[in-house]
Structures are given as structure tokens and as C-alpha cells.
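Secondary and tertiary structure notes
Residue-level listing of the chains:
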Amino acid sequence: LLLTTLFTAAGQSRPDSVQTLEDRFTDILKKSESYQEYKVVRRSSLNMFWAALSDSLSTGNEQLKSALVSKMELQRQLGASRDSLALVAGELEAYTSESAQISFLGIRVKESFYNTLVWSLIFALTGLMLFFLQRFKRGHGEVKEVREEHNALQKEFDDLR
């Protein structure tokens, strides 16, 4: 009875197969004759029932095989996807570690060290520029004073002549 309930779509290609296997089995029992305590069933009814049951079982087995093939294909695709994911993760890790380093004067240095070095150089050069600018202004002021003194002396010398 369990098999008959599992394969209810059995034998749908036959014209008289609108009933489920369980319904057919019940009909066979109803139509059979009794002899003492035994039921006498027509062989043709049993053969038709067996054909429908065989058809249901073969259909179920084919579906099971198809499902197993699908499962194996999905497992293969899943394995390929996992391998691909591992490869991409490795490439990402390599890219991340490579992008964290910069080649400076032919030496591979970390990006943070490079930034610190560049900003230190910028501040040092800015400080030197301000220092020399201040020295230039002071020197220019002294030259101006000397020139004014020289002009005053020159004028005084011309006046004395």
C-alpha cells in the first residue's frame, strides 16, 4: 500500500489510468470473488495492476536517477565555484598587500612610511625656505641701509668738494 500511495501518477499513458494505484487495488479487491476465506482475483486484473505498478516504479526510479545526476552536477558546480572563490580571495589578498606598498627609489616601502617621509620633507623644505627668506630680507635690509649710508656719505663728500 505504501508503494501505491507514493506513485499516484502511475500509468497515465493508458486510457483507464485516471485512478490512483490505491484506487485500482481497491477495485480489484471489490471485483474479486470469494472462495472460503480467500479472495480469488482475476489474473488479467493483477497483470494490469502489476503493469501500472511497474510503470510507476520505473518512472520513480528514472526521476530518482535524474535527481541524483542533477545533485552530482550541482555539487560539481559548487566545488568549481568554491575553487574559483578561493582563487579570487587569494588574488584579492595579493592585490591588497601589494597596494599597501609603494616603490620609492627602487625600494618597496609601506604606504604609511612613504606618506610620513614625504610630509616630513615638505615641512623641512618649507622651514628651510622660510629660514632663507627671513635671512634674505634681513640681508636686503642691511644692504639698503649700507646703500643709504653710502649715498649720504657720497652726498656729503660731494658737498665738501
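Residues numbered from 1 in each chain as written. Predicted model: local features only at pLDDT ≥ 70, side-chain atom pairs only at ≥ 80, totals over all residues. Heavy atoms only, no water.

1. Looking at the overall build of the protein chain
In terms of regular secondary structure, the protein chain is built from 4 helices and 4 strands. Counted from the first residue to the last, the protein chain has its helices and strands arranged as α-α-β-β-α-β-β-α. Across the 161 residues of the protein chain, 9% fall into the buried class. Relative to all contacts within the protein chain whose residues are 6 or more apart in sequence, the contacts with residues 24 or more apart total 39%. Carbon and sulfur atoms provide 61% of the accessible area of the protein chain, an area that totals close to 14000 Å². (Helix = DSSP H or I, 4+ residues; strand = E, 2+ residues; numbered from the N terminus. Buried < 20%, exposed > 50% of the residue type's maximum accessible area, 1.4 Å probe, protein only. Contact = heavy atoms within 4.5 Å. Areas by Shrake-Rupley, 256 points an atom, 1.4 Å probe, with all protein chains shown as cover.)

2. Points about the packing of helix α2 (residues 21-31) against helix α3 (residues 43-99)
For the pair α2 and α3, interaxial distance at closest approach is 11 Å and the crossing angle is 170 degrees. The pairing of α2 with α3 is recorded here as roughly antiparallel in orientation. In this structure, α2 crosses over α3, and the sense of that crossing is left-handed. Seen from α2, the contacting residues are L21, R24, F25 and I28; seen from α3, they are S45, M48, F49, A52, L53 and S56. (Axes fitted to C-alpha atoms, helices over the stretch in contact; angles between N-to-C directions. Parallel < 35°, antiparallel > 145°, perpendicular 65-115°, else oblique. Left-handed = near helix turned anticlockwise from the far one by under 90°.)

3. Some details on the pairing of strand β4 (residues 107-110)
Of the strand pairs in this sheet, strand β3 (residues 101-104) and β4 are connected by 4 bridges, and their pairing is antiparallel. Note on β4: the bridge partner recorded for F104 is I107. The antiparallel pairing of β3 with β4 creates a hairpin that spans 2 residues between the two strands, and L105 there sits at a positive phi of about 55 degrees. (Pairing = 2+ DSSP bridges.)

4. Topic: the packing of aromatic side chains
Counted by the stated rule, this structure contains 2 aromatic pairs. A centroid spacing of 6.1 Å and a plane angle of 35 degrees characterise the contact between W119 and F123, whose relative ring orientation is tilted. Taken together, the residues span about one helical turn, with W119 and F123 both in helix α4 (residues 111-160) at a distance of 4 residues. Measuring from centroid to centroid gives 5.4 Å for F131 and F132, while their planes differ by 65 degrees, and the two rings are edge-to-face. In this structure F131 comes out as partly exposed when scored by relative accessible area, which is 42%. (Phe/Tyr/Trp six-rings, centres within 6.5 Å; stacked < 30°, edge-to-face > 60°.)

5. Concerning a nonpolar patch on the surface
Nonpolar side chains collect at one region of the surface, where L125, L128, F131 and F132 lie side by side and expose about 430 Å² of accessible area between them. Within the element layout of this structure, L125 appears in helix α4. Its relative accessible area of 57% is what places L125 among the exposed residues. (Patch = residues over 30% accessible without salt bridge, like charges linked within 9 Å, V, L, I, M, F, W, Y side chains within 5 Å. Salt bridge = Lys/Arg side-chain N within 4 Å of Asp/Glu carboxyl O.)

6. Structural notes on α2
Those residues of α2 that fall on the buried side of the exposure criterion are L21, R24 and I28. The buried residues of α2 all sit within an arc of 60 degrees when viewed along its axis, so they share a single face. (Arc of directions from axis to C-beta.)

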